[in-house]
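One-letter residues, chain by chain:
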Amino acid sequence: MTTNDPVSSLVQAWATFDESLRSGGGFDEPAYDGLTAALRGCATAWAQRDAIPRLGANVLVDIFPATEANAALYRGEAADRMMRAAYDLHALAGRCVELPPGQGGASRP
């Protein structure tokens, strides 16, 4: 994988964002922005694929529960911000794996 590879970008962005939360550094807005950009990049890159890379899937599966667990380390507005981010990241992760129209699954209005 190269640094221009969407999976590499996703893994690096996720590690940066998650580490800030786990280490007690709080919500790192630039890291969050980098992660959301990486997720959008993966959604675009994977839109027509039948399968996604396993490492990418691993990150997608961890995003919500890890962010939710990290939020429990904080209180008040900081915890609330992390939970909002967890749900937003979950939605972006869903875009990475949604099926194109007409390929089965639930359709979006």
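The rules behind the values
Residues numbered from 1 in each chain as written. Predicted model: local features only at pLDDT ≥ 70, side-chain atom pairs only at ≥ 80, totals over all residues. Heavy atoms only, no water. Helix = DSSP H or I, 4+ residues; strand = E, 2+ residues; numbered from the N terminus. Contact = heavy atoms within 4.5 Å. Axes fitted to C-alpha atoms, helices over the stretch in contact; angles between N-to-C directions. Parallel < 35°, antiparallel > 145°, perpendicular 65-115°, else oblique. Nonpolar A, V, L, I, M, F, W, Y, C, P; charged D, E, K, R; others polar. Salt bridge = Lys/Arg side-chain N within 4 Å of Asp/Glu carboxyl O. Buried < 20%, exposed > 50% of the residue type's maximum accessible area, 1.4 Å probe, protein only.

**Some thoughts on the side chain of Ser 20**
Consideration 1: Within the element layout of this structure, Ser 20 appears in helix α1 (residues 6–22).
Consideration 2: Those residues in contact with Ser 20 that lie beyond four places of it in its chain are Gly 25, Gly 26, Asp 28 and Tyr 74.

**Topic: the packing of helix α3 (residues 54–71) against helix α4 (residues 76–97)**
Consideration 1: Between α3 and α4, the shortest axis-to-axis distance is 9 Å and the interhelical angle comes to 175 degrees. When the axis of α3 is compared with that of α4, the two are roughly antiparallel. Every residue of α4 that contacts α3 at Leu 60, Ile 63, Phe 64, Thr 67, Glu 68, Asn 70 and Ala 71 is listed here: Ala 79, Met 82, Met 83, Ala 86, Tyr 87, Leu 89, His 90, Ala 93, Cys 96 and Val 97.
Consideration 2: Split by residue class, the contact of α3 with α4 holds 13 nonpolar, 3 polar and 1 charged.

**As for the pattern of salt bridges**
Consideration 1: Under the counting rule described, the total for this entry stands at 4 salt bridges.
Consideration 2: Here Glu 19 makes a salt bridge to Arg 22, at a shortest N to O gap of 2.9 Å. One end of the pair, Glu 19, and the other, Arg 22, are both in helix α1, 3 residues apart, so they sit about a helical turn from each other.
Consideration 3: For Arg 22, a relative accessible area of 48% puts it in the partly exposed group.
Consideration 4: As a salt-bridge pair, Arg 81 and Glu 29 come within 3.1 Å of each other at their nearest N and O atoms.

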